[in-house]
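Here are the chains, one letter per residue:
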Amino acid sequence: MHETTKEAPLGGLWSGGVAPLGTSSKKLGMWLFIVSDTLTFSAILLAYSYLRLANPDWPRPFAFYPAIIKSTGMTLVLLASSLTMVFAVAAAHRNDRKTAAKWLWATALGGAIFVVLHMTEWIEMFHEGYTPWSSPEGVPLFGATFFGITGLHMLHVTLGVLYLAFIAVGFGRGKFTADDVEVSGLYWHFVDLVWMFVFPMIYLMSIHLR
Amino acid sequence: MSAHGNGSAGHQVGSPKLFLTVWIVLALVTAIEVYFGYVQLQPALMLTLLVVLSVFKAGLIVAYYMHLRYERFSVTLLLIPSTIFCIMMMVLFFFHDSQRILLLGTQNGLK
C-alpha cells in the first residue's frame, strides 16, 4: 500500500513489517511464546522422567478405578474443548461472530470443567497425605513433581479460560478480528498438547500395582 | 500484491470432517496409552512408548488444529527444528550430568 524507499512492500516473505514470513505478527508472536513455553515444560518433564526412572520406589497412588478413569475423562474434556476451539476459529474466519462466540464459550466451559475436576482430585490427594513437600511413602519428590507440573499446567488452563472468555465477549461485540480468535486458539491447543504429555507421563506411570 | 499478503485472510483450513477424524485418532491413541497403563509394562519401556505416542499426538495437534500445515513452510522451518534442537541439547547435557552425579554419589557411598 504505502511504499516508501526504505520499506519493502508488505506481505513479502522476508519483508517483515506486519506479516513476517507471510504470517500476521500476532500469530508469529504467539508461536514464539509457545516455543519458549514448550522448552519450559520440556525441561520439567525431562527432570521428572529422570527422577521417575532413577527411583525404583516411586509412589504409585493412582488406582485404575477411579483415579485413572477420572483423569482419562479430564483428558477427553480437554480434547473436546480443542475440537470446539477449531470450530470457533472456522466460524470466525467465515465472519460468523455469533457462532464463533458460542463455540468460544463452549471451549472456555470445557477448560473450567477440567480445572474443577482437577481441583477435586488435588483435594482428594491432600486428604491421602500427598503434599508438594511430602508423601505417605516418604518420597517427597513425588509430591514436588506432581503438584509442580500439574499446577503449572493448571495455571495455563485457568489463564486460558480467562483469555477465551475475554476474546468471546469482545469478538461477540464485534471488537476483534478472526486473526485474534485464531491466536487465542493457538494458545488453547498448546495447553491441550501439554496435557497430552502430562497425563501419560505422570498418571499412567504411577498406576497402583495390583 | 495486496497489503494483507497470504497470511490470515481466506486460507483454507480443513473441513469439519477432517477435524473430527483427527479428534478420533487422538482419542484412540489416548485409549492405547491407557491400555498400556492397565497392563503395566516395565517403567523405562513404558515411558519411552508413552513419549513416542505423545509426540505423535502433538504432531497431529500442531499440524491440523494449530494449522501449521496451512502456513508457509518457512514458518515450520522457523519453529520446529529450533525446538527439536533445544530439547535434544537438554537431553544430551541434562542426562549426562545427572548420570555423573549419580555415579559420584555411588562412589562416595562405597568408601
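Residues numbered from 1 in each chain as written. Chains lettered and ligands numbered in written order. Predicted model: local features only at pLDDT ≥ 70, side-chain atom pairs only at ≥ 80, totals over all residues.

Trainee: What is the right way to read the interface of chain B and chain A from this model?
Mentor: When the parts come together, some accessible area is lost, and that loss is often what is quoted as the size of the interface. Counting from both sides, the interface comprises 47 residues of chain B and, opposite them, 48 residues of chain A. Looking at the side of chain B that touches chain A, the elements with two or more residues in it are helix 1 (16–39), helix 2 (43–65) and helix 3 (73–110) of chain B. Examining the composition of the side of chain B that touches chain A, we find that 14 residues originate from one element, helix 3 of chain B, more than from any other. When the residues that make up the side of chain B that touches chain A are grouped by side-chain class, the tally is 29 nonpolar, 14 polar and four charged. (Contact = placed C-beta atoms within 7 Å. Helix = DSSP H or I, 4+ residues; strand = E, 2+ residues; numbered from the N terminus. Nonpolar A, V, L, I, M, F, W, Y, C, P; charged D, E, K, R; others polar.)

Trainee: In this structure, what is going on with unusual backbone geometry? I would like to understand it.
Mentor: The phi angle of most residues is negative, glycine excepted, and most peptide bonds adopt the trans form. A cis amide bond links Y65(A) to the next residue, P66(A), at an omega of 10 degrees. The phi torsion at N95(A) lies on the positive side, around 65 degrees, for a residue other than glycine. Secondary-structure assignment places N95(A) in the loop between helix 2 (64–93) and helix 3 (97–127). At H67(B), a position not held by glycine, the phi torsion is positive, near 65 degrees. Here H67(B) lies in the loop between helix 2 and helix 3.

Trainee: Sorry, what's going on with the environment of A144(A) here?
Mentor: Residues and elements named next belong to chain A. Within the secondary structure, A144 sits in helix 4 (residues 140–172). Accessibility expressed as a C-beta count within 10 Å gives 17 for A144, which makes it partly exposed. If we ignore the near neighbours within four places in the chain, the residues touching A144 are P132 and W133. (Buried ≥ 20, exposed ≤ 12 C-beta atoms within 10 Å, placed from the backbone.)

Trainee: Even after reading the chapter, I still don't get helix 5 (residues 178–203) of chain A, so can you show me in this structure?
Mentor: Helix length check: helix 5 of chain A, at 26 residues, gives a terminal C-alpha distance of 37 Å against a target of 38 Å (1.5 Å per residue), a fit within 8%. Most of helix 5 of chain A sits out of view: 24 of its 26 residues are buried. (Expected span 1.5 Å × (residues − 1).)

Trainee: Looking at this model, I keep getting lost on the nonpolar core. Mind explaining?
Mentor: Soluble, globular proteins show a tendency: their nonpolar side chains are buried together. Grouped together as the largest cluster of nonpolar side chains are 67 residues, with contacts concentrated most on A88(A), A100(A), L104(A), F171(A) and V181(A). Of all the secondary structure elements, the ones that give two or more residues to this core are helix 1 (25–54), helix 2, helix 3, helix 4 and helix 5 of chain A together with helix 1, helix 2 and helix 3 of chain B. Looking at this core, the element that brings in the most residues is helix 5 of chain A, giving 18 residues. The residues contacting L104(A), other than those within four sequence positions of it, are A88(A), L164(A), I167(A), A168(A) and F171(A). (Core = buried A, V, L, I, M, F, W, Y, C linked by C-beta atoms within 7 Å.)

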